[in-house]
Amino acid sequence: MISDKARRTRESIIVAAREVIRRDGFDALTMDRAAKEAGLSKGACMYHFKNKRELYAALIADYAYHLEEEQRRHEALFKGRPDETLVPGLVEWFKSFEKDSRAWADVGVALLSQFVHDEELMAPVYEWYERLFHRIDALPDEERVPAFVAVMALEGFFYTRKFGVNPKRSTLNEAAWSYITSELVKAKVERK
């Protein structure tokens, strides 16, 4: 069992590594840079992460955890069953994402593009998407396709934002988000 101190040290290394990626790009991340950013020796860093691959795995797991927490947090803004709050929650997440500092987006893009072909490292992200798609598969037949199309449209919004190519026309974005929730999935949930 890992001690609280070891857990905090591991977390500080992960946060430091994320900051190196965010600020200087993926290629700038080394064990030395992560350790220095965390205020630790390289040996302390390597005690917790034996090599860069272990650090990468921890970063990807951390990113997948962030996805799960953000999804949960934004769905919790609405009253209703989980199948009713899924798309409105994702729309609200995207709206908040538009206002975000891009820190998670920059790290997510760097990690996903670097390891897209590494199934082992990408497993936590794949699992997050599997849970998302499982929720859609569990919907009644008449709701399944509209919800899937809505989620895929939102994914398009997320990724164009992450890659910095999304349209800057906020009125068009707002109209699209409204269409997704009110017309496409006919969401009738209320905010808490």
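Just so you know, these numbers come straight off a predicted model, no measurement behind them. (Residues numbered from 1 in each chain as written. Predicted model: local features only at pLDDT ≥ 70, side-chain atom pairs only at ≥ 80, totals over all residues. Heavy atoms only, no water.)

**Re the overall build of the protein chain**
The following threshold applies: Working definition: helices are DSSP H or I runs of at least four residues, strands are E runs of at least two. Numbering for both runs from the N terminus. Each residue is placed in one exposure class: buried if its accessible area under a 1.4 Å probe, protein chains only, is under 20% of its type's maximum, exposed if it is over 50%, and partly exposed if it falls in between. For the accessible areas, the method is Shrake-Rupley and the probe is 1.4 Å, while residue cover comes only from the protein chains on display.
Along its length, the protein chain carries nine helices and zero strands. For the protein chain, the α and β elements follow one another from N to C terminus as α-α-α-α-α-α-α-α-α. For the protein chain, the residues scored as buried account for 40% of the 192 residues in total. Total accessible area on the protein chain is roughly 10800 Å²; 55% of this is exposed by carbon and sulfur atoms.

**Observations regarding the layout of surface pockets**
Convention followed: Whether a set of points on the 1 Å grid over the protein atoms alone is a cavity depends on a 1.4 Å probe fitting there but being unable to get out, while an open set qualifies as a pocket with protein on both sides within 12 Å along at least five of seven lines; lining residues are those with an atom within 4 Å of a point. Grid points are joined across faces, edges and corners, and a volume is the space filled by probe spheres set on the points. All residues other than Ala, Val, Leu, Ile, Met, Phe, Trp, Tyr, Cys, Pro, Asp, Glu, Lys and Arg, Gly among them, are scored as polar; the first ten of these are nonpolar and the last four charged.
The computed volume of the second largest pocket comes to approximately 200 Å³. Along its surface, the second largest pocket is lined by 17 residues, and His 66, Glu 70, Trp 93, Phe 97 and Phe 158 are the ones closest to its centre. For the lining of the second largest pocket, the secondary-structure elements that each account for two or more residues are α4 (52-75), α5 (82-99), α6 (103-115), α7 (119-137) and α8 (141-162). Examining the composition of the lining of the second largest pocket, we find that five residues originate from one element, α4, more than from any other. Split by residue class, the lining of the second largest pocket holds 10 nonpolar, two polar and five charged.

**Side note on empty space enclosed by the protein**
Within this structure, the stated rule accounts for one cavity of 30 Å³ or more. If one sorts the elements of the lining of the largest cavity by residue count, α8 sits on top with four residues. By residue class, the composition of the lining of the largest cavity is seven nonpolar, no polar and one charged.

**A word on the confidence of the model for the protein chain**
Applicable threshold: pLDDT is a residue-level measure of predictor confidence that goes from 0 to 100.
On average, residues of the protein chain score 90 in pLDDT, and 96% of them reach the 70 mark or higher. Here helix α9 (residues 170-184) stands out as the element of the protein chain with the lowest mean pLDDT, 83, in contrast to helix α2 (residues 31-38), whose mean of 97 is the highest.

**Some thoughts on the packing of aromatic side chains**
Operational definition: Working definition: rings of Phe, Tyr and Trp (its six-membered ring) pair if their centres are within 6.5 Å, and the pair is stacked with planes under 30 degrees apart, edge-to-face with planes over 60 apart, and tilted otherwise.
A full pass over the atoms with the stated rule returns 13 aromatic pairs. Seen from their ring centres, Phe 26 and Phe 115 are 5.6 Å apart, and the 80° between their planes marks the pair as edge-to-face. Of the two residues, Phe 26 is situated in the loop between α1 (4-24) and α2 and Phe 115 in helix α6; the sequence distance between them amounts to 89 residues. For the residue pair Phe 26 and Phe 115, the accessibility class agrees, reading buried in each case. Ring plane angle 45° and centroid distance 4.9 Å describe the contact between Tyr 56 and Phe 115, whose orientation is recorded as tilted. On the criterion of sequence distance, the pair formed by Tyr 56 in helix α4 and Phe 115 in helix α6 is long-range, its members being 59 residues apart. As far as the burial class goes, Tyr 56 and Phe 115 line up, both buried. Put simply, the rings of Trp 93, Phe 94, Trp 128, Tyr 129, Phe 133, Phe 148, Phe 157, Phe 158 and Trp 177 touch in pairs and so form one group of aromatic residues.

**Examining the packing of α1 against α2**
If you want to describe how two helices pack, look at the angle between their axes and the distance between the axes. Test applied: Angular values range over 0 to 180 degrees, each being the angle between N-to-C directions of two axes fitted as lines to C-alpha atoms, with helices fitted over their stretch in contact. Here the word oblique covers every angle except those under 35 degrees (roughly parallel), over 145 (roughly antiparallel) and from 65 to 115 (roughly perpendicular). Crossings are assigned a handedness: left-handed for a near helix turned anticlockwise from the far helix by less than a right angle, right-handed for a clockwise turn. The contact definition used throughout considers only heavy atoms, calling two residues in contact when any of these lie within 4.5 Å.
At a minimum axis separation of 8 Å, α1 and α2 run at an interaxial angle of 110°. When the axes of α1 and α2 are compared, the pair comes out roughly perpendicular. Once α1 is placed against α2, the crossing between them reads as right-handed. Note on element contacts: α2 touches α1 through Arg 33, Ala 34, Glu 37 and Ala 38, opposite Ser 12, Ile 13, Ala 16, Ala 17, Glu 19, Val 20, Arg 23 and Asp 24. Grouping the amino acids of the contact of α1 with α2 by side-chain chemistry returns six nonpolar, one polar and five charged.

**Comments concerning the environment of Arg 7**
Counted only if it meets this: Polar contacts, as used here, are pairs of N or O atoms within 3.5 Å; protein pairs need one atom able to donate a hydrogen and one able to accept it. Residues neighboring in sequence count only if both atoms are side-chain atoms.
Checked against the element boundaries, Arg 7 lands in helix α1. Residue class for Arg 7 comes out partly exposed when judged on its relative accessible area of 40%. Along the sequence, Arg 7 and Glu 92 sit 85 residues apart, while their C-alpha atoms lie 32 Å from each other. A distance of 3.5 Å separates a polar atom in the side chain of Arg 7 from the backbone oxygen of Ile 2.

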